[in-house]
Amino acid sequence: MLKVKALICEHVNNPIGLGCLKPRLSWQIESDNIYVFQKRFQLQVAINPAFEPLLWNHFSYSEQSILFPYEGPPLESGQRYYYRVKVWAQGAGDTEPEESEWSEIGFWEMGLLHEQDWKAQWITVQERSIHEKFQTRAPFAASKCFSVEGKVKKAVIYATSLGLYELELNGQRVGDAYFTPGWTDYNDRVQVQAYDVTSTVREQHNRITATVGEGWYSGYLGWQKRKDTYGNTNALLFQMKISYEDGRSELICSDSSWEETSCAILMSDIYNGEIYDARLEQQAAEHRFLNERKMMQVAPFPLSHLVAQENEPVRVMNRLKPVELIWTPKGELVLNLGQNMVGWLEFKVEAPEGTVLNLVHGEVLDQQGNFYRDNIRDAAQQITYICSGKGTEIFRPHFTFQGFQYVKLEGFPAGVAIEDFTGVVLHSDMATIGLFETSDPKLNQLQHNIVWGQKGNFLDVPTDCPQRDERLGWTGDAQIFARTASFNMNSASFFRKWLKDLAYNQLENGAVPFVVPDVLKGTFADNMDQTTAAWGDAAVICPWTIYQCYGDKQILAQQYDSMKAWVDYIRAQGTEEHLWDTGLQLGDWLALDSEEGSYFGATDGTLVATAYFAYSTHILAQTAKLLNRYTDYNTYQSLHEGIRSAFANRYFDDAGKLTSNTQTAQVVALHFGLVPEKYKKQVVQELVRLIEKNDMHLDTGFVGTPYLCLVLSDNGYTDIAYKILFQKDYPSWLYQVERGATTMWEHWDSIKVDGSFWSTDMNSFNHYSYGSVGDFMYQNIAGIDVLEAGYKKSRLAPKPPVNLTSAHGKLETPYGEVAVHWEIVNEEMRMTVHVPHNTTAEITLPGVLEPDALQQTITKQYPSIQYPPGNVPQELAGKSGSPGEQAIFELSGDHELTFTVGSGQYTFQYKYNQRLNNID
Ligand code: BGC
């Protein structure tokens, strides 16, 4: 039975408040058949679910089933559009395409598209109290009462703020998003959220309350105690449209008729935490306005910067039960969450009125088992709660988040119990799309740590760390981790939004700032561009990664000018056109091959810079080609050639040795294709030698680490890649696991072998960069990789490590699930793969002991499949393994069998020989 399922609009299921004028629609195909390809489709759009009249009725003889743009009549503000899809698809044995039923109905709803749709005004308060110690402005609350006369058909709120806001309608929290309106460069754009509140509006009396805090807009950002990055006045913008059954509609808008109300939050700052006086809460709950009436003031902020929400909002994603409540040797009461996490500690308490509770958040205990927070630097990460004394009180903070595993509790009453606490985990609500599991619990823990590093650092923007006084969008960290991130969660919209800020923050000369949104402006010397290779290259590598992983070509078009500006910037930097041998280079940041305690690795920073120059230029040329910009394609192709030869001249000596004799130098030269063919073998062997010299351990930093294992594996040394990956002693990934890590550490030696810490200076226990090895694990152990953008064609080629007996990898691609499961039992390989419809996969079976016997088996798998002449899907025609043809399977390498299949689930069972697979 052929079916259409999983309707998605702009990467989201039934979005509301959409801003794009040509939303792109995706769907998946379900069928019992194999080798199923979509031949044509019909797409209908209407403004009601009965699809009468039709707004757009589109037929297309196309295989495209993801990100198909709406091209019908112009879309209108606030309107909901329904859509459905039907496909004609042909599978194995079909003589002609089968027609599906209509899909279930999906919808999208537009936000306010034009400035003139806004009748609301920005409002703010006259005065704010300033917290003495932190010098922060207290959040404010504003309320409006309104009555509803008639039967409500629909009520939608559009809201945003300069600062962070939360809304309550009739005492109920509006929506499930936190940290709204999200972090963009507010000088460029401020996102608007839409909420359907039809079921919360009451007949007659209603009351809406908004609370607004400083957030990223005016709170502390960066380690230099700077605030007011975007302005010093927080403000709210609110517009609600109530549509009645009888056709009338009315607007409730923020304006000077709103009144300031009591707010129990006395201080709330992203880094420093929150102070909350629950004694003031009652006033608000009783709808009491301030003793002295204070009306809100209209603020003269523009409406021209408003855009619809662009990525998935931050939501509560997990709720964790703490694992222990202990008294430390110092006599402090400390709660252990058992997981380094980001969000809040929610608690329940019963204590007399005025009792002051303090919760101080830290990541680790020190060697003596005492609470430790020196690595958090100047971020107070403290919650202070003053009890109302009215029975059981439950609290969670508002405009702040904490990165922590341990919480020091002060002032809690004697009966405090572990059950009174819950870790509330918050991050951008990206769909989990990847699964990676093996027979090795330690490796599984590493995967867990990588995923939790991602959870903790994907809170609306990709951050370096979530706890100390940074939490900034360091471009290098994001670039390094983007591919792994895109395996674990659907990060398409997340990066799309952030990359817009990157482009906006790019300097006129194309330089990409260290952090995006750029809040470090003015931190460094005026004559510095505040950029460096591998960091600024996020401008090129991130859009390319998103395109590869999700087939979203639009992101390349969106970022093209920014990508090009970055490459042109580099081109103007060097002492000659094809080198980047000037300026500040962070290079192989935190590598272990330089002196103890240094942040800079031993690899020549200009070698790294020129290598990235080549890589970004290569990607830019490929992008230009995809976007049909052939002049640019030619320009950057030849620039790339020029950089390659300049690299060879500058960084190789006559004997074919790289000028930096480090693991990272060999790795980047190989990974970015910069080693002249004649030296290739030698460079690979040098890398192996350096690893052997280091007792089969890595010593790479931010630049070498992501590619080290990939390069080894791509060059015939998968066995050595696995040796490094499975090391358990320092320095290695599993050393952290052995030490009880639950997220990724910033340094290989964040906790040293003797148990002491790396300096307090910069020592995060939740830094995802070294988690970038996740990409290698998915690609090599599970064996899942992309061959054609969006997994239109996958490569399924696991390389089983000797110490594993099974691995299971799954990835929800835009077309559906790609999966590989392998298991070795008594020298027999059992491997099952799943290939989604409308795609193909190149499968490589490893360690085949008797290839001929296996070829027989595979051929026999499709005895009845016959395509009528001319109907063999183009991408399979003439290729080995097409059903109905004489199956010829290529022996790639000595004992690997490679062939291409269409959609379906396939199981292979054969005599397996690990040694033949050359991995031991
Ligand atoms: C951040 C890094 C970042 C680095 C660059 C650090 O403070 O945490 O991850 O990339 O600075 O200098």
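Just above sits the structure.
## Overview of the overall build of the protein chain
Along the protein chain, the regular secondary structure elements total 16 helices and 45 strands. At 29 Å, the protein chain has a C-alpha radius of gyration in line with the 29 Å of a compact globule built from 920 residues. Relative to its full complement of 920 residues, the protein chain shows a buried share of 62%. In the form shown here, the protein chain has an accessible surface area of approximately 33700 Å², with 47% of it arising from carbon and sulfur atoms. The average position of the 76 basic charges and that of the 114 acidic charges among the side chains of the protein chain differ by 3 Å.

## Quick look at the sheet that holds strand E3 (residues 24–30)
As summarised here, the arrangement of the three strands in space is E1-E3-E6, forming an open sheet in which the pairing is antiparallel. Only two strands of the sheet have a single partner each, and these edge strands are strand E1 (3–9) and strand E6 (68–69). Pairing of E1 with E3, which is carried by five bridges, proceeds in the antiparallel orientation. Within E3, the residue paired with Cys9 across the bridge is Leu25.

## Digging into the environment of Asn449
Within the element layout of this structure, Asn449 appears in helix H3 (residues 441–457). Overall, Asn449 belongs to the buried group, its relative accessible area being 0%. Counting along the chain gives 107 residues from Asn449 to Val342, while the straight-line C-alpha distance between them is 13 Å. In this structure Asn449 touches Val737, Ala741, Thr742, Thr743 and Met744, once residues within four positions along its chain are discounted. For Asn449, the side chain forms a polar contact with the main-chain oxygen of Ala741, separated by 3.0 Å.

## A look at the pairing of strand E40 (residues 816–825)
Where strand E39 (residues 806–813) meets E40, eight bridges bridge the pair, whose relative direction is antiparallel. Bridge pairing links His808 to His821 in E40. Here E39 hands over to E40 after two residues, the two strands then running antiparallel side by side. In this sheet, strand E41 (residues 828–835) lies alongside E40 in antiparallel orientation, the contact comprising seven bridges. In the sheet register, Ala819 faces E41, and the bridge partner there is His834. Counting the residues in the hairpin turn of E40 and E41 gives two residues, including Asn826, whose phi is positive at 50°.

## Digging into the nonpolar core
Core analysis: the biggest nonpolar cluster contains 224 residues, and Leu446, Leu725, Trp733 and Leu845 have the highest contact counts within it. Per element, the largest residue contribution to this core is twelve residues, and it comes from helix H8 (residues 605–626). Here Leu725 is in contact with Leu443, Leu446, Trp733, Leu734, Val773, Phe776, Met777 and Ile781, once residues within four sequence places are set aside. Ala159, Val212, Met240 and Met296 belong to the second largest nonpolar core, which has 27 residues in total.

## Description of the state of the cysteines
One way to say it: the disulfide is the covalent bond shared by the sulfur atoms of two cysteines. Taken as a whole and assessed by the stated rule, the structure comprises zero disulfides. The thiol sulfur of Cys145 is not disulfide-bonded, and the nearest other cysteine sulfur, from Cys253, lies at 16 Å. Cys549 forms no disulfide, and the closest cysteine sulfur to it belongs to Cys542, at a distance of 11 Å.

## Looking at the site of the ligand
Taken together, Asp464, Arg468, Glu470, Trp474, Asp477, Trp535, Leu586, Trp589, Phe702, Glu746, Met762 and His767 make up the full set of residues adjacent to the ligand. A distance of 2.7 Å separates an oxygen atom of the ligand from a polar atom in the side chain of Asp464. One of the side-chain nitrogen or oxygen atoms of Arg468 is found 2.7 Å away from an oxygen atom of the ligand. For the ligand, whose unbound accessible area comes to 310 Å², protein coverage reaches 94%. A breakdown of the residues in the shell around the ligand according to their chemical character gives six nonpolar, one polar and five charged.

## Remarks on the packing of helix H10 (residues 663–671) against helix H12 (residues 705–714)
Direction vectors running N to C along H10 and H12 enclose 65°, while the axes themselves pass 9 Å from each other. Between H10 and H12, the angle falls in the class roughly perpendicular. In this structure, H10 crosses over H12, and the sense of that crossing is left-handed. Across the interface between the two elements, Gln663, Val667, Leu670 and His671 of H10 pack against Tyr707, Leu708, Leu710 and Val711 of H12. Class assignment for the residues of the contact of H10 with H12 results in six nonpolar, two polar and no charged.

## What about the packing of H3 against helix H15 (residues 774–782)?
What describes two packed helices is the angle between their axes and the distance between those same axes. One way to put it is that H3 packs onto H15 with a least axis distance of 10 Å and a crossing angle of 135°. It follows that H3 is oblique to H15 by the angle criterion. Crossing of H3 against H15: the hand is left-handed. Of the residues in H15, those in contact with Leu443, Leu446, Gln447 and Ile450 of H3 are Gly774, Met777, Tyr778 and Ile781.

## Topic: the sheet that holds strand E16 (residues 204–213)
By way of backbone hydrogen bonds, the strands of a sheet pair with one another, either parallel or antiparallel. Pairing within the open sheet is antiparallel, and its five strands lie in the order E14-E13-E16-E11-E19. Bordering the open sheet on either side are strand E14 (172–173) and strand E19 (259–261), each of which pairs with just one other strand. Summarising the sheet, strand E11 (residues 140–148) and E19 pair through three bridges and their orientation is antiparallel. Each residue of the ladder has a partner; that of Ala142, found in E19, is Glu260.

## Remarks on the environment of Gly111
Structurally, Gly111 can be placed in the loop between strand E9 (106–110) and strand E10 (123–124). Separated by 13 residues in the primary sequence, Gly111 and Glu98 place their C-alpha atoms 37 Å from one another. Filtering out sequence-adjacent residues up to four positions away, Gly111 remains in contact with Gly17, Leu18, Ser77, Gly78 and Tyr158.

## Re the side chain of Glu166
Mapped onto the fold, Glu166 is located in strand E13 (residues 164–169). Here Arg396 takes part through its side chain, which lies 2.9 Å from a polar atom of the side chain of Glu166. When near neighbours in sequence (up to four residues on either side) are disregarded, Glu166 contacts Arg173, Tyr178, Thr209, Ala210, Thr211, Arg396, His398 and Phe399.

## Quick notes on H15
Burial analysis of H15 places nine of its nine residues in the buried class, the great majority of the element. Taken residue by residue, H15 has Gly774, Asp775, Phe776, Met777, Tyr778, Gln779, Asn780, Ile781 and Ala782 as its buried positions. Downstream of H15 by one or two residues, Gly783 has phi in the positive range, about 85°.

## A closer look at the side chain of Gln454
Residue position: Gln454 is located in helix H3. Accessibility expressed as a relative area gives 0% for Gln454, which makes it buried. In this structure, Gln454 is in contact with Met430, Phe481, Thr484, Ala485, Asn488 and Met489, ignoring residues within four places of it in sequence.

## Here's the deal with the pattern of salt bridges
Counted by the stated rule, this structure contains 44 salt bridges. We note a salt bridge from Glu850 to Lys911, for which the minimum N-O separation is 3.4 Å. One end of the pair, Glu850, is in the loop between strand E42 (840–845) and helix H16 (851–860); the other, Lys911, is in strand E45 (residues 904–911), and 61 residues separate them in sequence. Lys911 sits in the partly exposed class, given a relative accessible area of 48%.

## Observations concerning the packing of aromatic side chains
Considering all chains together, one arrives at 60 aromatic pairs under this definition. Between Trp56 and Tyr70, the ring centres sit 5.1 Å apart and the planes meet at 70°, which makes this aromatic pair edge-to-face. Remark: Tyr70 occurs in the loop between E6 and strand E7 (80–90) and Trp56 occurs in strand E5 (residues 54–60); sequence separation between them is 14 residues. Relative accessible area serves as the criterion here: at 1%, Tyr70 is assigned to the buried category. On the numbers, 5.4 Å between centres and 85° between planes, the contact of Trp733 with Trp748 is edge-to-face. Note that Trp733 is positioned in helix H14 (residues 733–738) and Trp748 in the loop between H14 and H15, a separation of 15 residues in sequence. Overall, the relative accessible area of 0% leaves Trp733 in the buried class. Among the aromatic residues, those joined into a cluster by ring pairs are Tyr178, Phe179, Trp183, Trp216, Trp344 and Phe401. Here the guanidinium or amino end of Lys227 rests over the ring plane of Tyr220, the centre of that ring lying 5.7 Å away.

Rules and cut-offs
- Residues numbered from 1 in each chain as written.
- Predicted model: local features only at pLDDT ≥ 70, side-chain atom pairs only at ≥ 80, totals over all residues.
- Heavy atoms only, no water.
- Helix = DSSP H or I, 4+ residues; strand = E, 2+ residues; numbered from the N terminus.
- Rg over C-alpha atoms; globule rule 2.2 N^0.38 Å.
- Buried < 20%, exposed > 50% of the residue type's maximum accessible area, 1.4 Å probe, protein only.
- Areas by Shrake-Rupley, 256 points an atom, 1.4 Å probe, with all protein chains shown as cover.
- Lys, Arg positive; Asp, Glu negative; His and termini not counted.
- Charge placed at Lys NZ, Arg CZ, Asp CG, Glu CD.
- Pairing = 2+ DSSP bridges.
- Contact = heavy atoms within 4.5 Å.
- Polar contact = N/O pair within 3.5 Å; in protein donor to acceptor, adjacent residues only side chain to side chain.
- Core = buried A, V, L, I, M, F, W, Y, C linked by side-chain atoms within 4.5 Å.
- Disulfide = S-S within 2.5 Å.
- Near = heavy atom within 4 Å.
- Nonpolar A, V, L, I, M, F, W, Y, C, P; charged D, E, K, R; others polar.
- Axes fitted to C-alpha atoms, helices over the stretch in contact; angles between N-to-C directions.
- Parallel < 35°, antiparallel > 145°, perpendicular 65-115°, else oblique.
- Left-handed = near helix turned anticlockwise from the far one by under 90°.
- Salt bridge = Lys/Arg side-chain N within 4 Å of Asp/Glu carboxyl O.
- Phe/Tyr/Trp six-rings, centres within 6.5 Å; stacked < 30°, edge-to-face > 60°.
- Lys NZ or Arg CZ within 6 Å of the ring centre and 35° of its normal.

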